[in-house]
Amino acid sequence: GDSVTQMEGPVTLSEEAFLTINCTYTATGYPSLFWYVQYPGEGLQLLLKATKADDKGSNKGFEATYRKETTSFHLEKGSVQVSDSAVYFCALSDREGTGFQKLVFGTGTRLLVSP
Amino acid sequence: EAGVAQSPRYKIIEKRQSVAFWCNPISGHATLYWYQQILGQGPKLLIQFQNNGVVDDSQLPKDRFSAERLKGVDSTLKIQPAKLEDSAVYLCASSPLGSNYGYTFGSGTRLTVV
């Protein structure tokens, strides 16, 4: 079945450092890809998305490019801030099985940014 | 627009007791999802509704979990009887019909079974 694999955390960075969180996926179909963010005590928020190969999703300085050849969707940010500290989830949406879209999540990567 | 509303926010129960969670999706969203998020793991889909019909409940432990979505709007998820391993955050999400652009999640209900 469909699955998403993320790098294990926590990822600990100093403010203004460069961030990469790796994400790879396995899917039988042609999925859409997402990054969600979960701040402490809050629900999941959509950070960015990409729906086809070579699409680049971007939001709030974060970027990720849909790489079909490597089945990857790595999250990057050039300069992180303390406020970016959160758990980041990579996810895919596919019609596997029922024919209806459903989200499959990775295990999440905790990012800790220190001043 | 109003977001996805969930209640209660927190619940502590003893094992073998029953518990119910409520979700009110975004108005007009035909698809509603319940996810279980165990600490340190990603959310796992329990059940998916399209209007008031179930389209995927393959991961729902049907011997103890049940869910309904009356009139295609609000939904209730019930656990009876609860086990220690049911301790988790239960997330409700909704999306427009046929949407492939991600869902809107509620803040979740944190369940602790002692």
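A. Highlighting the overall build of chain A. Of regular secondary structure, chain A possesses 0 helices and 12 strands. Secondary structure elements of chain A occur, N-terminal to C-terminal, as β-β-β-β-β-β-β-β-β-β-β-β. Radius of gyration (C-alpha) of chain A: 14 Å, near the 13 Å computed for a compact globule of 115 residues. On the principal axes, the C-alpha backbone points of chain A span a range of 45 × 30 × 20 Å. Evaluated residue by residue, chain A yields a buried proportion of 47% over its 115 residues. Counted over contacts in chain A with a minimum sequence separation of 6, partners at least 24 positions apart contribute 55%. As presented, chain A carries roughly 5300 Å² of accessible surface, and 48% of it is formed by carbon and sulfur atoms. Taking the average place of the 10 positive charges on the side chains of chain A and the average place of its 13 negative ones, the gap between the two points comes to 6 Å.

B. Representation of the overall build of chain B in the model. Helix and strand counts for chain B stand at 0 helices and 11 strands. Ordered by position in the sequence, the α and β elements of chain B form the string β-β-β-β-β-β-β-β-β-β-β. Relative to the globule expectation of 13 Å for 114 residues, the C-alpha radius of gyration of chain B, 13 Å, shows essentially globular dimensions. Along the longest, intermediate and shortest principal axes, the C-alpha atoms of chain B span 40 × 25 × 25 Å. Each of the 114 residues in chain B was classed as buried or not, and the buried ones make up 48%. Relative to all contacts within chain B whose residues are 6 or more apart in sequence, the contacts with residues 24 or more apart total 53%. For chain B, the accessible surface area stands at approximately 5600 Å², while carbon and sulfur atoms represent 49% of it.

C. Region of interest: the sheet that holds strand β7 (residues 65-68) of chain B. All names here are of chain B. Read across the open sheet, the 4 strands follow the order β1-β3-β8-β7; overall the sheet is antiparallel. Of all the strands in the sheet, the pair left with one neighbour each is β1 (5-7) and β7. Mean inter-strand twist for the sheet, computed between neighbouring axes without regard to direction, equals 15°. Pairing of β7 with strand β8 (residues 75-79) involves 4 bridges; the strand directions are antiparallel. In the strand pairing of β8, F65 is matched with I79.

D. Just the pattern of salt bridges, in detail. Considering all chains together, one arrives at 7 salt bridges over all chains under this definition. Residue D56 of chain B pairs with K102 of chain A through a salt bridge whose shortest N-O separation is 3.4 Å. Of this pair, D56 of chain B sits in strand β6 (residues 53-56) while K102 of chain A sits in strand β11 (residues 102-105), placing the two residues on different chains. The exposure classification of D56 of chain B matches that of K102 of chain A, with both residues buried.

E. Geometry of the interface of chain A and chain B. Opposite the 21 residues of chain A that make contact, chain B presents 22 residues. When residues of chain A are sorted by the area they lose upon contact with chain B, L44, F100 and Q101 of chain A head the list and together hold 27% of the total. At the boundary of chain A with chain B, the tally comes to 1 salt bridge. At the boundary of chain A with chain B, the tally comes to 5 residue pairs in polar contact (both at pLDDT 80 or more). Of the residues forming the side of chain A that touches chain B, the biggest block, 4 residues, is contributed by strand β5 (residues 32-38) of chain A. Looking at the side of chain A that touches chain B residue by residue, the classes come out as 8 nonpolar, 10 polar and 3 charged.

F. Structural detail: the state of the cysteines. Residue and element names in this part refer to chain A. On inspection of all chains with the given rule, the structure shows 2 disulfides over all chains. In this model C23 forms its disulfide with C90; the gap between the sulfur atoms is 2.0 Å. Residues C23 and C90 are joined by a disulfide whose S-S torsion is about -70°; by sign, that bridge is left-handed. Here C23 is found in strand β4 (residues 23-26), whereas its partner C90 is found in strand β10 (residues 86-94), with 67 residues between them in sequence.

G. Inspection of the side chain of K77 of chain A at higher detail. Note on placement: K77 of chain A falls in strand β9 (residues 75-77). Contacts of K77 of chain A, omitting those with residues within four sequence positions, involve A17, F18, L19, K60, G61, F62 and D84 of chain A.

Rules of the game
Residues numbered from 1 in each chain as written. Chains lettered and ligands numbered in written order. Predicted model: local features only at pLDDT ≥ 70, side-chain atom pairs only at ≥ 80, totals over all residues. Heavy atoms only, no water. Helix = DSSP H or I, 4+ residues; strand = E, 2+ residues; numbered from the N terminus. Rg over C-alpha atoms; globule rule 2.2 N^0.38 Å. Buried < 20%, exposed > 50% of the residue type's maximum accessible area, 1.4 Å probe, protein only. Contact = heavy atoms within 4.5 Å. Areas by Shrake-Rupley, 256 points an atom, 1.4 Å probe, with all protein chains shown as cover. Lys, Arg positive; Asp, Glu negative; His and termini not counted. Charge placed at Lys NZ, Arg CZ, Asp CG, Glu CD. Pairing = 2+ DSSP bridges. Axes fitted to C-alpha atoms, helices over the stretch in contact; angles between N-to-C directions. Salt bridge = Lys/Arg side-chain N within 4 Å of Asp/Glu carboxyl O. Buried area = accessible area lost by both parts, 1.4 Å probe. Polar contact = N/O pair within 3.5 Å; in protein donor to acceptor, adjacent residues only side chain to side chain. Nonpolar A, V, L, I, M, F, W, Y, C, P; charged D, E, K, R; others polar. Disulfide = S-S within 2.5 Å.

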